Amino acid sequence: MANIVRPYGDTLDDGKVQLSFTLPVPDGPKGREAARLLVLSWGFKECEVVNSAAVSDDFTFYVAYGKTEIGVDYEAARADTASEDASMGMDETCAFVKERFGRKVVIVGACTGFDAHTVGIDAIMNMKGYNHHYGLERYSMLEAHNLGAQIPNERLIEFAEKVNADAILISQVVTQKDVHVQNLVNFIELLEAKGERGRFICIAGGPRISNKLAVEIGYDAGFGKGCYADHVATFVVKKLAEKARE
Amino acid sequence: MKEKLGLSKGKIAEARSLASGIVAPVLDFIDGHTTVTVERATLRIAGADGADADGVPVPNLIVDQLRAADPATLEGGALEGGALVHYVNALIRTGGGTADLNRRIAEGYRVGSEPLGDREAIRRKGAQLVDIGLGKVKANRMQRSAKMEEWKGRNNDPLLYLIVATGNIHEDVKQAEAAALRGADVIAVIRTTAQSLLDYVPFGATTEGFGGTYATQENFRIMRAALDAVGEREKRYIWLTNYASGLCMPEIAAMGALERLDMMLNDSMYGILFRDINMYRTFVDQKFSRMINSYAGITINTGEDNYLTTSDAYEKAFTVLASQFLNEQFGYAAGLPARLMGLGHAMEMEPGIKNGFLYELSQAQMAREIFSEHPLKYMPPTKFMSGDIFKGLAMDTMFNFVSKATNQGIHLLGMLTEAIHTPFMMDRYIAVENAKYVMNSMESFYDEIEFAKDGLVVNRAKEVLSQTIEFLHEIGEKGLLDAISTGMFAEVKRPKDGGKGLEGIVKKGNNYWNPVEEALKAGLGLPGRGRDYSASSAGDASSAGVAKG
Ligand code: B12
């Protein structure tokens, strides 16, 4: 059954939305009216521009409230939960690996390209982990190699080949001008050119990465904010078991 | 400035003396070596500029060709070493000016192809080039001082420091103008993601960068002109900041000195820890770059704040203080006066800590009292900023409060959207308004407030100072290089012979010749061999500092 929901201010279905944005115009009544018309053009039924302030001679910052009648069917929304599963903790994962594969699972990770952010990949991989969730290095049945940051895609692949990795983890934190997408796509292209895409489970992660994005550009999964080693380990070993069955 | 913490003077002196002992052996290594970028910085000050059709800068062409022909060329054993001697020799041989020679080099002429001519003529010509180059630097320094004197008292206190980072210098200009018009005193153009690992400085104006904009001399010029125009309009000096860091530290310092930048991010260890640049390389480069900065009256900013992104700010507070002491000693060794040392620190404790605000206040006050003449660069919360921008704004407000309450010198404004993207124009607006509101409303706070004698704030500061001394003892026993390689800073381990740029280090031979270095040392009153080629002394090093008494 459909369940149509709308933004809530202080009364059900009042449709109140708070907005703020900048326009490349000088501050004044004309600018405020332009801002109001702009908000209305987005489908809002009412709009009140509650504040405008000159950011410079030619730019103005607006705060506005809009009222919308448009709703969404909550029941129809499908969350992408592929990377939400953290059902197996460290001990369970290790027991699973021992039983299913009878050997250590090898995982290689790095923050690639010119990206120098290590804290994210470290949170997933380092012994001490993050927010009281141990990292993959502590898992006795995983052999985890964290290559650190600023690692060229070529070097990561070379290393993964050398240690015969089961899974490759890539962190991308800088996203300006979609540099992360270019970098992630380049990695997959390199693997494909070598005919090795099927050889590794490929995982992308970072604060602006979603599973949806990662899968679209050829990864097995993507992990974003709030993820821990538990999520990644669960995904990798389940996926590996699936691959083994195929 | 009123002291409030009752810190032991003896302990502070002990920490300084430990730090001085730690940097001493590193300084010995530094003085015996040059690097490819030190050579290129030297060439740049002497007039080398431009790039070939592939974008390879002229200073790189010169140094690379000399090294490729004979790796010993730069050292100076039997023959004069250093790149400059060949550039000057070629200048004499070709008979034109530097612009003409630069063009020829860009078109394929090799300065190393000429046998070295009359040495006395080379020395004379070299001295003349150094005079012209450093003369420009001195003129810039005087222009800065004059403008600051003219517009005295019109800057905010602390200086409000804002970042622009669009990747496109022309967009940066718009953002910077807007920020300055709203009240920013300092504009920092953040460098693009990849630049610190480039062993050359790109040439010309640039419009393509990721997370920042290329530092190029032309970009410096463009931004300088724009900020000067806003300054004239507002009757307020607008400081321009860039990054003398990465593999080209000294060259960027040289370009900044030539284009009148006012501040440079310039840490003695940041490149090692956060960019994986070889430690020997960084140590040699940082000294030369700091000598240039000092000569140019440029205020440096150090990067201790970064430690707290990989270490816990509460637990590892002492590493920040220890690094400040080390940066200070490296700074003095490069001729930097305290008033040009914007030692860094940050408000990065986990916001959920009970009394976290008091600990932050304590840390900031402690830095203020220990480094009483240094401007101190205070950095906002970044690590614990999140998608909850409203909470983020509250955190930034607390930060503004601490900064004013402890009389910091350079205040980098926090952005409510820190966790999401490089700042939008409106984010900066919100930040400036917030800071102006907080700081105006507590203008005289510093003089009004004291801390309880045996209270949390006072005791915490004493504890951190004691921990710092212990830590410095440990480093002293190991040696700085081993301390870094075992992860004692920022919990990052860097092997001594690892990292980028190691191959760019050159041992100086007996005949190494660098009149720029000699002139800088002479001007800064630093010990060194050779005679002073510069016309007059730089000992007065401009009144540009933002030191607090
Ligand atoms: C710390 C930090 C730094 C430190 C990094 C130190 C280090 N060794 O990592 C330093 C100071 C060096 C730094 C430098 C720069 N930074 Co920075 N930095 C940050 C900061 C403050 C925190 C990042 C962080 O550590 N978060 C904590 C970790 C645990 O979170 P996380 O990375 O999201 O990781 C989690 C998930 O995303 C996921 N995850 C991450 N990676 C992976 C990988 C896999 C495989 C998996 C499964 C999961 C996963 O799991 C983690 C745990 O949940 C952010 C702002 C912020 N608050 O987010 C800016 C930020 C990321 N930096 C930014 C920028 C632009 C830079 C610079 C480019 C600036 C410059 N021009 O110099 C440089 C980078 C230079 C380079 N070559 O990359 C921007 C990025 C903007 C964008 N969206 O493009 C941010 C958002 C700041 C901003 N608003 O401008 N930075």
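Thresholds applied
Residues numbered from 1 in each chain as written. Chains lettered and ligands numbered in written order. Predicted model: local features only at pLDDT ≥ 70, side-chain atom pairs only at ≥ 80, totals over all residues. Heavy atoms only, no water. Helix = DSSP H or I, 4+ residues; strand = E, 2+ residues; numbered from the N terminus. Rg over C-alpha atoms; globule rule 2.2 N^0.38 Å. Buried < 20%, exposed > 50% of the residue type's maximum accessible area, 1.4 Å probe, protein only. Near = heavy atom within 4 Å. Polar contact = N/O pair within 3.5 Å; in protein donor to acceptor, adjacent residues only side chain to side chain. Nonpolar A, V, L, I, M, F, W, Y, C, P; charged D, E, K, R; others polar. Right-handed = clockwise from strand over helix to strand, strands pointing away. Pairing = 2+ DSSP bridges. pLDDT = per-residue confidence, 0-100. Contact = heavy atoms within 4.5 Å. Domains from an automatic or database assignment. Axes fitted to C-alpha atoms, helices over the stretch in contact; angles between N-to-C directions. Parallel < 35°, antiparallel > 145°, perpendicular 65-115°, else oblique. Left-handed = near helix turned anticlockwise from the far one by under 90°. Buried area = accessible area lost by both parts, 1.4 Å probe. Salt bridge = Lys/Arg side-chain N within 4 Å of Asp/Glu carboxyl O. Core = buried A, V, L, I, M, F, W, Y, C linked by side-chain atoms within 4.5 Å.

Section: the overall build of chain A
Each helix and strand counted, chain A has 7 helices and 10 strands in total. Taking 2.2 N^0.38 as the reference for a compact globule, 246 residues should give roughly 18 Å; the C-alpha atoms of chain A span a radius of gyration of 23 Å, well beyond that estimate. Considering only C-alpha atoms, chain A reaches an extent of 70 × 45 × 35 Å along its principal axes. When burial is assessed residue by residue, chain A has 45% of its 246 residues classed as buried.

Observations regarding the site of the ligand
Taken together, 44 residues surround the ligand, and among them Phe 114, Ala 116 and His 117 of chain A together with Arg 191 and Glu 418 of chain B come closest. Residues lining the ligand come from chains A and B. In the model, a nitrogen atom of the ligand is placed 2.6 Å from a nitrogen or oxygen of the Phe 114 of chain A main chain. Elements with a contribution of two residues or more to the shell around the ligand: helix 3 (119–125) and strand 8 (167–171) of chain A together with helix 10 (270–275) and helix 12 (307–310) of chain B. Of the residues forming the shell around the ligand, the biggest block, 5 residues, is contributed by helix 3 of chain A. For the shell around the ligand, the per-class residue count stands at 20 nonpolar, 18 polar and 6 charged.

Notes on the pairing of strand 6 (residues 105–111) of chain A
A regular strand places its side chains so that they alternate between the two faces of the sheet. All names here are of chain A. Judged by how many residues are buried, strand 6 sits mostly within the fold: 7 of 7 residues are covered. Each parallel crossover has a hand, and the one from strand 6 via helix 3 to strand 7 (residues 142–146) is right-handed. As paired elements, strand 6 and strand 8 share 5 bridges and run parallel to each other. Of the residues in strand 8, the one forming a bridge with Cys 111 is Ser 171.

Observations concerning the confidence of the model for chain B
All names here are of chain B. Scored by pLDDT, chain B has a mean of 93; 96% of the residues are at 70 or more. A low-confidence stretch, residues 530–545 (pLDDT under 50), is modelled with 42 contacts involving residues beyond four sequence positions or located in other chains. Here the predicted complex scores 0.91 on pTM and 0.88 on ipTM.

Side note on the domain arrangement of chain A
A common way to state how big an interface is: give the accessible area lost once the parts meet. According to the domain assignment, chain A consists of domain 1 (4–72) and domain 2 (90–245). A C-alpha centroid distance of 42 Å is found between domain 1 of chain A and domain 2 of chain A.

Quick notes on helix 20 (residues 515–524) of chain B
Residues and elements named next belong to chain B. Taking burial as the measure, the 10 residues of helix 20 include 9 buried ones, the bulk of the element. Among the structural elements, helix 1 (9–31), helix 2 (36–46), helix 4 (84–94), helix 6 (119–150) and helix 11 (279–296) are those in contact with the buried residues of helix 20. Where helix 20 begins, one side-chain oxygen reaches toward the backbone nitrogen of Val 516, 3.0 Å away; that side chain belongs to Asn 514. Phi turns positive one or two residues past the end of helix 20, at Gly 525, with a value near 70 degrees.

Topic: the packing of helix 15 (residues 389–405) of chain B against helix 16 (residues 425–441) of chain B
Residues and elements named next belong to chain B. Running from N to C, helix 15 and helix 16 point in directions that differ by 45 degrees, and their axes come no closer than 9 Å. Relative to helix 16, the element helix 15 is oriented oblique. The way helix 15 lies across helix 16 gives a crossing that is right-handed. Of the residues in helix 16, those in contact with Leu 393, Asp 396, Thr 397, Asn 400, Phe 401, Ser 403 and Lys 404 of helix 15 are Ile 430, Asn 434, Ala 435, Val 438 and Met 439. For the contact of helix 15 with helix 16, the residue count by class is 6 nonpolar, 4 polar and 2 charged.

Some points on the sheet that holds strand 4 (residues 59–67) of chain A
Residues and elements named next belong to chain A. A sheet is described by the order of its strands in space; here 3 strands give the open sequence 2-4-3, paired in antiparallel fashion. At either end of the open sheet lies a strand with only one pairing partner, and these are strand 2 (16–23) and strand 3 (46–56). Here the average twist between neighbouring strands, direction ignored, is 15 degrees. When strand 3 meets strand 4, the two strands line up antiparallel, connected through 9 bridges. Following the sheet pairing, Val 49 is matched in strand 4 by Ala 64.

Structural notes on the interface of chain A and chain B
Counting from both sides, the interface comprises 23 residues of chain A and, opposite them, 32 residues of chain B. At the boundary of chain A with chain B, total buried surface from both sides reaches about 2,100 Å², with 59% on carbon and sulfur atoms. Summed over the shared surface of chain A and chain B, the number is 2 salt bridges. Viewed at the interface, chain B and chain A are joined by 10 residue pairs in polar contact (both at pLDDT 80 or more). Elements with a minimum of two residues in the side of chain A that touches chain B: strand 2, strand 3 and strand 4 of chain A. Classifying every residue of the side of chain A that touches chain B gives 11 nonpolar, 7 polar and 5 charged.

Side note on the nonpolar core
Residues and elements named next belong to chain B. Ranked by internal contacts, the top residues of the largest apolar core, which has 66 residues, are Met 269, Phe 283, Leu 480 and Phe 489. Those elements giving two or more residues to this core turn out to be helix 1, helix 10, helix 11, helix 13 (317–333), helix 14 (356–370), helix 15, helix 18 (456–478) and helix 19 (480–485). Setting aside residues up to four positions removed in sequence, Met 269 forms contacts with Phe 283, Tyr 307, Ser 323, Leu 326, Leu 480, Ile 484 and Phe 489. Among the nonpolar cores identified, the runner-up in size contains 56 residues, and Val 130, Ile 169, Ile 238 and Phe 288 belong to it.

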